[in-house]
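Residue-level structure breakdown
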Amino acid sequence: MTGSNGINRRRLLTTAALGGATIVGASALGGLDADAAFAAPMPSLDPAISQSSFVDGRVSQIKGSVLDVVESDGTHRLIQLTNATSVWKLETVTAEAIETGDGLYARGVEMPDGSVAADAVWVNIVNLYVTVRGIERSRLHLSHGHNALVGNIVEKRTTASFRGGALTSNLSQLKIGHHAQVLGAWRPADDSVDIARISVGH
């Protein structure tokens, strides 16, 4: 899906695999941070599960623990959240943090009624290649393609990596003109992005 500034919330989980016959939370399978969403696929641990189901769209309605998600082609898919569903929205959160209008990528098992019982849901996650255009204490001014974008620096959450180095919360090496990759969570309210990690020189 695409926001008003042209950010492409593209399909990113199509190579992942569910590891187990039961619905197992993603955090139990090795993490739910932004990097985990883009990790290399793991083979299923259960031969009964040959393929996971994936849903990529915008939440149009929430009824209890069921999300009605509209995919880019207009198809409605129902996502069933369980007490084992892991939810990421810049950090690991509860299902109550999901709101109507949020974009999401869900991975899970298709049920006989066509719904998907999710083991993992990433809410508003973005993976963007940007150029740094301005630096302030609490935000970065970025360009993504021909679009301007504000990246919010979130205290105790935003980290940076420079030239393959260790992650740090110290962004002092960041310079105007740097080309970088940003993993983060899109804010539908103002079309900005809360930065989970910014990587320069990778």
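First, a word on what this report is: a plain description of the structure on this page. Small disclaimer: the values here were computed from a predicted structure and weren't measured. Numbers given to residues run from 1 along each chain, matching the order in which its sequence is written. Owing to the predicted nature of the model, reporting of local features is limited to residues with pLDDT of at least 70; listing and counting of side-chain atom pairs is limited to 80 or more, with chain, interface and lining totals taken over all residues. Hydrogens and water molecules were not included; the side-chain quantities draw on all heavy atoms of the structure.

1. Some details on the environment of valine 69
Think of it this way: any DSSP run of H or I at least four residues long counts as a helix, any run of E at least two long counts as a strand, and we number them from the N terminus. Relative to the assigned elements, valine 69 resides in strand β2 (residues 66-71). For the pair valine 69 and tyrosine 105, spaced 36 residues apart in sequence, the C-alpha separation works out to 9.8 Å. Two residues form a contact once any of their heavy atoms are found within 4.5 Å. Ignoring anything within four residues of it in the chain, the contact list for valine 69 reads Val55, Gly57, Arg58, Val59, Thr75, His76, Arg77, Ile79 and Leu104.

2. Brief notes about the environment of serine 115
Its place among the elements puts serine 115 in the loop between β6 (103-110) and β7 (116-123). Not counting chain neighbours up to four residues away, the residues in contact with serine 115 comprise Leu78, Val109 and Glu110. In protein, a polar contact requires one atom able to donate a hydrogen and another able to accept it; more generally it is a pair of N or O atoms within 3.5 Å, and residues adjacent in sequence count only if both atoms are side-chain atoms. At 2.7 Å, the side chain of serine 115 and the side chain of aspartate 113 are in polar contact.

3. Structural notes on the nonpolar core
Leu142, Leu174, Val182 and Ile198 are the most contacted members of the largest nonpolar core, which totals 18 residues. Listing elements by their share of this core, those giving two or more residues are β8 (125-135), β9 (139-144), β11 (159-162), β12 (179-187) and β13 (192-200). Those residues within four positions of valine 182 in sequence are excluded, and the remaining contacts are Val126, Asn127, Leu128, Val130, Leu142, Val193, Ile195, Arg197 and Ile198. Definition used in this section: a nonpolar core is a set of buried Ala, Val, Leu, Ile, Met, Phe, Trp, Tyr and Cys residues joined via side-chain atoms within 4.5 Å. Remark: exposure states derive from per-residue accessible area (1.4 Å probe, protein chains only) relative to the maximum for the residue type, with buried under 20%, exposed over 50%, and partly exposed in between.

4. So, the pattern of salt bridges
Side chains carrying opposite charge are able to pair once their charged atoms draw close together. Any carboxyl oxygen of Asp or Glu within 4 Å of a side-chain nitrogen of Lys or Arg constitutes a salt bridge here. Going through the model one piece at a time under the given rule, you end up with seven salt bridges. Between arginine 107 and aspartate 119 there is a salt bridge, with its nearest N and O atoms 2.7 Å apart. Here the residue arginine 107 occupies a position in strand β6, and aspartate 119 occupies one in strand β7, the gap between them amounting to 12 residues. For the pair arginine 107 and aspartate 119, one class covers both residues: buried.

5. Some remarks on unusual backbone geometry
Here the phi dihedral of lysine 156 falls at roughly 70 degrees; this positive angle occurs in a residue that is not glycine. As for its placement among the helices and strands, lysine 156 is situated in the loop between β10 (147-153) and β11. Given the relative accessible area of 77%, lysine 156 is considered exposed. Backbone geometry at arginine 163 places phi at a positive 50 degrees, although glycine is not the residue there. Residue placement: arginine 163 occurs in the loop between β11 and β12.

6. Regarding the pairing of β12
Taken across its nine residues, β12 has seven buried, putting it largely inside the fold. Pairing between two strands requires that DSSP report at least two bridges joining them. Of the strand pairs in this sheet, β8 and β12 are connected by seven bridges, and their pairing is antiparallel. Residue pairing for β12: asparagine 127 is matched across the bridge by leucine 183. Pairing of β12 with β13 involves eight bridges; the strand directions are antiparallel. Looking at β13, one finds that leucine 183 is bridged to arginine 197. If you look at the hairpin formed by β12 and β13, you'll find four residues sitting between the two strands, and aspartate 191 has a positive phi there, around 65 degrees.

Keep in mind these numbers describe shape, not what the thing actually does.
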